[in-house]
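Chain by chain, the residues:
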Amino acid sequence: MGDPSHSFEAYFKRATSPLVVLRLLLDRAMYVYEISQEMKQRSGGKFTISVLYPVLYRLEEQGYVKVERTEAVNNRLRSYYGITDAGRRYFAQARKEYEEMHQVFTDLMEGGE
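Residues numbered from 1 in each chain as written. Predicted model: local features only at pLDDT ≥ 70, side-chain atom pairs only at ≥ 80, totals over all residues. Heavy atoms only, no water.

Peer 1: Got a minute to help me understand the overall build of the chain in this structure?
Peer 2: Helix and strand content of the chain: four helices and two strands. Starting at the N terminus and walking to the C terminus, you meet the elements of the chain as α-α-α-β-β-α. Viewed in the frame of its principal axes, the chain has a C-alpha envelope of about 60 × 35 × 25 Å. Counting across all 113 residues of the chain, residues that qualify as buried make up 31%. Partitioning the contacts of the chain with sequence separation of at least 6, the portion at a separation of at least 24 is 49%. One way to put it: in the chain the 16 positive side-chain charges average out to a point 7 Å from where the 16 negative ones average out. (Helix = DSSP H or I, 4+ residues; strand = E, 2+ residues; numbered from the N terminus. Buried < 20%, exposed > 50% of the residue type's maximum accessible area, 1.4 Å probe, protein only. Contact = heavy atoms within 4.5 Å. Lys, Arg positive; Asp, Glu negative; His and termini not counted. Charge placed at Lys NZ, Arg CZ, Asp CG, Glu CD.)

Peer 1: I'm lost on the nonpolar core in this one. Help?
Peer 2: The nonpolar side chains of a soluble globular protein tend to be buried, and buried together. Counting 21 residues, the largest nonpolar core has Val-21, Leu-25, Ile-35 and Met-39 as its most contacted members. Sorting the residues of this core by element identifies α1 (8–27), α2 (32–42), α3 (53–61), β2 (76–83) and α4 (85–110) as the ones contributing at least two each. When residues of this core are assigned to their parent elements, the largest contribution, five residues, is made by α1. Beyond its immediate sequence surroundings of up to four residues, Leu-25 is in contact with Met-30, Ile-35, Val-65, Tyr-81, Gly-82 and Ile-83. (Core = buried A, V, L, I, M, F, W, Y, C linked by side-chain atoms within 4.5 Å.)

Peer 1: Mind showing me how you'd approach the pattern of salt bridges here?
Peer 2: Side chains that differ in charge, positive against negative, can pair when their charged atoms come close. For the coordinates displayed, the defined rule picks out eight salt bridges. Here Lys-13 ties to Glu-9 by a salt bridge, and the two come within 3.0 Å at their closest N and O atoms. Taken together, the positions of Lys-13 and Glu-9, both in helix α1 and four residues apart, correspond to about one turn of that helix. On the accessibility criterion, Glu-9 (46% relative accessible area) is partly exposed. Between Glu-99 and Arg-95 there is a salt bridge, with its nearest N and O atoms 3.1 Å apart. (Salt bridge = Lys/Arg side-chain N within 4 Å of Asp/Glu carboxyl O.)

Peer 1: Which parts of the structure should I look at to understand the side chain of Glu-34?
Peer 2: Along the chain, Glu-34 falls in helix α2. There is a polar contact of 3.3 Å between the side chain of Glu-34 and the side chain of Arg-28. For Glu-34, the contacting residues outside a window of four places in its chain are Arg-28, Ala-29 and Tyr-80. (Polar contact = N/O pair within 3.5 Å; in protein donor to acceptor, adjacent residues only side chain to side chain.)

So far we have only geometry, and geometry alone does not tell us how the molecule works.
Written out as structure tokens, the structure is:
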């Protein structure tokens, strides 16, 4: 079976997690734990990411998300991330590309055994 970090599922999650995060942020600004819980809830526990910060930092560097506000909760700062206009445009384009590639992949898989 090999290393679980090299499984198809792990690669798929790594590739699609930015899109999932952007999709969730289309609904409202959220803090990291809230994003992870929403992801878990909407996927029935099947799509979880143990470390979301690198995904968010990369999206922030690319200008697709930004910290909209920071609140102090129990002596800890909680940053709420929101999607930018550039993030909305990127999400729409990437989702379209994903759907096209998904169809190509489905067509390829149906041809073979």
